[in-house]
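Okay, here's what each chain looks like letter by letter:
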Amino acid sequence: MGPSYIVAIDLGATKLLASVFDTRLKKLDRIKCNVAGSESPKVVFDLLCQAISDLIENLSMSGDNLLGIALGVPSPVDPAKGVIENSPNLALNGFPIKARLKELFKCPVLVENDANAGTYGEFIMGAAKGYKHVIGLFQGSGIGGGLVLNGALYRGANGGAGELGHMIIQLEGRRCGCGHYGCIEAMASRLAVAKDVMGLAISGQAPYLASKLGHDITAIRSGLIAKAIENGDDKVAEVVNRSADQLGIAMGNLVNIFNPELFVVGGGMVEQFGKPYIERISASMKAYCTPYLAENVKVVPAKLGDDAIAMGAAALLMDELGVSVVSGRGKKG
Ligand SMILES: [Zn+2]
């Protein structure tokens, strides 16, 4: 029998990234394909199985040993049941994805919430390597989060811990996809920023943006927001700054509750606006928590990009199987 490998998949609402890792979490192969999240469960599941089969076929040709399949999904997942519990953007609610994959591929399967897996990936191999108390916060079309407490992923009673995006920071705030008002996700996600700057464009307060945009909100990516600011749309800059301030409020609350050492923040806006954006987030965080706890909390950008979720899921599967990642995890420095 040859070396051991894991197939790990980041299954999102718009794309699927399926990778192969060895037990050092070195990426050996990857397939990427588009997913229409609104497709029927069968279509999405078939696509997933095809990607896994393709990667396994490459492996078996070299006589190597598949350790298992690990999956990150945009939904809370009860780790024992492996069922997708609540995924507004992927038509797989209630789907017993773990059992179905086990049955088909006859190997161990782990299914984890994507932001939990991403945080764990950053903890094992990325920006949080060497730390023990870490909170991940990923700002995209929503806001995902994950908690690594005392060196282990914290899942809560039903696998739903770390849903940081639904922390309410403003009672009269915008309505969130979850049904409540003023969740940080509804106030400061990239999509929330896009809605705000779209409003500015329509009301004539962001002329550069209006000239580039039409009325297509999906065209508002972080790069275009940055261009609008460069070209004098000052109101757009205010919206971006406000999103950083609001993220900081949520993080200040989290500091008081969890006393973390480190926040890993990721997403297109963090990549686009870089250090000044992170410094603004950090300043706001410090203003909204106990000074004594704030002193030593670092805020750093995520490092692993779109590998974080698959890598973290693979690492969690290895933990479950008792296979250690050869990486010096948990040791500081
Ligand atoms: Zn919400």
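## Observations concerning the coordination of the zinc ion
- Looking at the metal site, the zinc ion is ligated by His 166 (ND1), Cys 176 (SG), Cys 178 (SG) and Cys 183 (SG), spaced 2.0 to 2.3 Å from it.
- Coordination geometry of the zinc ion: the four donor atoms subtend angles of 104 to 123° at the metal centre, consistent with an arrangement described as tetrahedral.
- Each donor residue of the zinc ion belongs to the same chain, with the gaps between them written as H-x9-C-x1-C-x4-C.
- With a relative accessible area of 36%, Cys 178 lands in the partly exposed category.

## Some points on the side chain of Ser 87
- Looking at the element boundaries, Ser 87 is found in the loop between strand 4 (65-73) and helix 2 (97-105).
- Residue class for Ser 87 comes out buried when judged on its relative accessible area of 2%.
- A polar side-chain atom of Ser 87 sits 3.4 Å from the main-chain carbonyl oxygen of Pro 74.
- For Ser 87, the contacting residues outside a window of four places in its chain are Pro 74, Ser 75 and Asn 93.

## Regarding the nonpolar core
- Within the largest apolar cluster, 46 residues are counted, with the highest numbers of intra-cluster contacts made by Leu 209, Phe 263 and Tyr 277.
- Among the elements that take part in this core, helix 8 (residues 234-258) stands out by supplying nine residues, more than any other.
- The residues touching Tyr 277, leaving out its near neighbours within four places in the chain, are Gln 139, Val 240, Ser 243, Ala 244, Leu 247, Met 269 and Val 270.
- Among the nonpolar cores identified, the runner-up in size contains 32 residues, and Val 134, Val 264, Ala 315 and Val 325 belong to it.

## Structural notes on the environment of Asn 34
- Topologically, Asn 34 is positioned in strand 3 (residues 27-34).
- Asn 34 sits in the exposed class, given a relative accessible area of 66%.
- Between the alpha carbons of Asn 34 and Leu 16 there is a distance of 6.1 Å; along the sequence they are 18 residues apart.

## So, the pairing of strand 9 (residues 262-266)
- Counting buried positions along strand 9 yields five of five residues, so the element is predominantly enclosed.
- Burial along strand 9 is two-sided: the face carrying Leu 262, Val 264 and Gly 266 and the face carrying Phe 263 and Val 265 are both buried.
- Direction of pairing for strand 6 (residues 134-139) relative to strand 9: parallel, over a ladder of five bridges. Paired with Gly 136 across the strands is Val 264, a residue of strand 9.
- As defined by bridge partners, strand 9 adjoins strand 10 (residues 298-301) across four bridges and the pair is classed as parallel. Looking at the pairing, Leu 262 lines up with Lys 298 of strand 10.

## Focus on the pattern of salt bridges
- Inspection of the entire model under this criterion finds ten salt bridges.
- As a salt-bridge pair, Arg 242 and Asp 196 come within 2.9 Å of each other at their nearest N and O atoms. Highlighted residues: Arg 242 in helix 8 and Asp 196 in helix 5 (residues 190-202), separated in sequence by 46 residues.
- Look at the salt bridges and you will find they share partners, linking Lys 27, Arg 30, Asp 306 and Asp 307 into a network.

Parameters and conventions
Residues numbered from 1 in each chain as written. Predicted model: local features only at pLDDT ≥ 70, side-chain atom pairs only at ≥ 80, totals over all residues. Heavy atoms only, no water. Donors = N, O, S within 2.8 Å, 3.2 Å for Na, K, Ca; no water. Tetrahedral: all angles 85-135°; square planar, octahedral: opposite > 155°, others 65-115°. Buried < 20%, exposed > 50% of the residue type's maximum accessible area, 1.4 Å probe, protein only. Helix = DSSP H or I, 4+ residues; strand = E, 2+ residues; numbered from the N terminus. Polar contact = N/O pair within 3.5 Å; in protein donor to acceptor, adjacent residues only side chain to side chain. Contact = heavy atoms within 4.5 Å. Core = buried A, V, L, I, M, F, W, Y, C linked by side-chain atoms within 4.5 Å. Pairing = 2+ DSSP bridges. Salt bridge = Lys/Arg side-chain N within 4 Å of Asp/Glu carboxyl O.

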